[in-house]
Amino acid sequence: MRDTLRTMLVWCPDWPVIAADLVDGVPADRPVAVLHANRVVASSGAARAEGVRRGLRKREAQARCPQLIVVDYDPVRDVRAFEPVLVAVEEVAASVAVLRAGVCAFAARGPARYHGGEEAAAERIIEQVAQECRVEAQIGVADGTFAALLAARMGRVVPPGQTPAFLAEMPVATLERPQLVGLLRRLGITTLGAFAALPPGDVLARFGLDAALAQRLAAGRDDRPLAVRHAPPDLEVDERFDEPVDRVDTAAFAARALAERLHERLAGYGMACTRLAIGAVTADGRELHRVWRHDGVLTASGIADRTRWQLEGWITQKRLDQGIVALRLVPDGLVRQVGLQAGLWGDPGVERDRAHRALHRVQGILGPEAVVTAVLGGGRDPREQATLVPWGDERVTARPAGPWPGRLPPPSPAVVLDQPLPARLLDASGQLVGVSGRLELTADPARLVLEGGAAEVVGWAGPWPVDEQWWDSRRAVRAVRLQVLLADGRALLLTLSAAEWTVTLHFD
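Residues numbered from 1 in each chain as written. Predicted model: local features only at pLDDT ≥ 70, side-chain atom pairs only at ≥ 80, totals over all residues. Heavy atoms only, no water.

1. Some thoughts on the overall build of the protein
Phase 1: Along its length, the protein carries 15 helices and 19 strands.
Phase 2: Here the protein holds 508 residues, and 42% of them are scored as buried.
Phase 3: Taking all contacts inside the protein whose residues are at least 6 apart in sequence as the whole, residues at least 24 apart take part in 56%.
Phase 4: Here the protein has roughly 27800 Å² of accessible surface; of this, 52% comes from carbon and sulfur atoms. (Helix = DSSP H or I, 4+ residues; strand = E, 2+ residues; numbered from the N terminus. Buried < 20%, exposed > 50% of the residue type's maximum accessible area, 1.4 Å probe, protein only. Contact = heavy atoms within 4.5 Å. Areas by Shrake-Rupley, 256 points an atom, 1.4 Å probe, with all protein chains shown as cover.)

2. As for the sheet that holds strand β3 (residues 39-43)
Phase 1: Strand order in this open sheet of three strands is β3-β2-β4, and the pairing throughout is mixed. Since the sheet does not close on itself, it has two edges, and those belong to β3 and β4 (69-72), each with one partner. Across the sheet, the axes of successive neighbouring strands diverge by a mean angle of 40°, strand direction being ignored.
Phase 2: By the bridge criterion, four bridges tie strand β2 (residues 32-36) to β3 in an arrangement that is antiparallel. Of the residues in β3, the one forming a bridge with His-36 is Arg-39. (Pairing = 2+ DSSP bridges. Axes fitted to C-alpha atoms, helices over the stretch in contact; angles between N-to-C directions.)

3. Some details on the pairing of strand β1 (residues 6-11)
Where a strand is regular, its side chains alternate between the two sheet faces.
Phase 1: β1 sits mainly inside the fold: six of its six residues count as buried.
Phase 2: Where burial is concerned, the two faces of β1 agree: the one with Arg-6, Met-8 and Val-10 and the one with Thr-7, Leu-9 and Trp-11 are both buried.
Phase 3: Alignment of β1 against strand β7 (residues 138-143), held across six bridges, turns out to be antiparallel. Bridge pairing in β7 places Leu-9 opposite Gly-140.

4. Details of the nonpolar core
Phase 1: Counting residues in each nonpolar core, the largest one holds 31 residues, and the members touching the most others are Leu-9, Phe-146, Phe-166, Leu-167, Leu-192 and Phe-195.
Phase 2: No other element matches helix α7 (residues 145-154), which puts seven residues into this core.
Phase 3: Residue contacts for Phe-166: discarding those within four places in its chain leaves Ala-147, Leu-150, Ala-151, Met-154, Arg-156 and Val-158.
Phase 4: Counting 27 residues, the second largest nonpolar core, distinct from the first, contains Phe-241, Leu-258, Leu-262 and Leu-311. (Core = buried A, V, L, I, M, F, W, Y, C linked by side-chain atoms within 4.5 Å.)

5. With respect to unusual backbone geometry
Phase 1: Even without being a glycine, Ala-37 presents a positive backbone phi close to 55°.
Phase 2: You can see Ala-37 is positioned in the loop between β2 and β3.
Phase 3: Despite not being glycine, Arg-134 shows a phi value in the positive range, around 55°.

6. Description of the packing of helix α11 (residues 200-207) against helix α12 (residues 209-218)
Phase 1: At a closest axis distance of 7 Å, the pairing of α11 and α12 adopts a crossing angle of 145°. Contacts between α11 and α12 involve Pro-200, Val-203, Leu-204 and Phe-207 from the first element and Leu-209, Ala-211, Ala-212 and Gln-215 from the second.

7. Quick notes on the pairing of strand β5 (residues 97-100)
Phase 1: In this structure, β5 lies alongside strand β6 (residues 103-107), joined through three bridges in antiparallel fashion. Note that in β6 the partner of Arg-100 across the bridge is Val-103.
Phase 2: Between β5 and the antiparallel strand that follows it, β6, lie two residues; Gly-102 among them carries a positive phi value of about 100°.

If you want it as structure tokens, here you go:
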């Protein structure tokens, strides 16, 4: 068995909050919470002082801290913001491995030898990150990555050979395996030392392979090799023009030449890109920027086309009246070049590519919001479950999918009305049907009166109450919904709000 690697680990506390500060200007010194799937995944120190903790639902977090600033979780933002930190660390240490955004590790031997010890190397790296990135970092050193992460949270350097003793008193929750941790606690095992003392064979037979691996971590036998990060090369290309370019044909020629240079540079590293950032500087000093996304890898012609379309769009929109003096292409979403996958029947998907090219060209002329696609997500109201996303952008919904208590039961509606239609729901005596405080209909529905006439109600389901965002008077929704089946075969969804019925949905 190989010896456990002496590991140095850099940890940037509250990184999702710091990334939101660096990228979006969210003030990290104020109460901030980063939410994913309506639960807190990270919070600032000021928010934790108010009782905001990981795992809280949004409503409970806001109840504990009314002035809480809520930020959506964005892993892409976290990774991009962490890149300058990695560059700063790589100026001092070699062969850096990224564990996740905000955490990286490397072998301690090299920096310790160069700087005269592990403590001195840790101080040098913390200083480097602070000076280059204005970011607070903590460093831990121990035998293995797992122990080094725990040491970093305490800002400690664990002496060689002392890692098992350092881990022994740690709670089993540090393993971050909720099911295993819950089972161990029910068995009376609350520390890593107690878990490590169990017979390994019994742990494997009783709890499985993952628990056996977790026991090795608890015992300080973390001998997994680090996945070394290779710093990405400088791949962007640019071109400066002696005379401002203000004609489409001249711009197209320059775009194709620059696209070929970029594709050759990517191919030289065995890479391809799925996103392309296009930047231009006008003769009057303005900077224009646009990111194009693609669901496959961009070929040389694909890069050239998107660059040409974007320039044509800017010229059409009169944003290049003075012409451009510089053009820059920056690849993003880098992947290993493995070629494009053929279509289902062996064809290269020519018709599909033609459709994509046409849609992207419309975007280049009219702007990215001119072509949108619907992405289904969560929500109680079908009108809120579809998010319109610009073509080529990441297909992210405004409301995450998942269980939504109070969501309409199937089937899904066939027609969602932009403007609800006024209606009157009457009982057999011609009186308006309402809903009591106990959420019961005041009478059986008999007729539905619309602008085009009246129809007999032969069946109904509900009512279902909706009481959303009651804490925000501007966005609060308080209503009752009712499905009705009419004698002419129509199935409708009625909504009662402010004592008025409206038709909002049609069913097949």
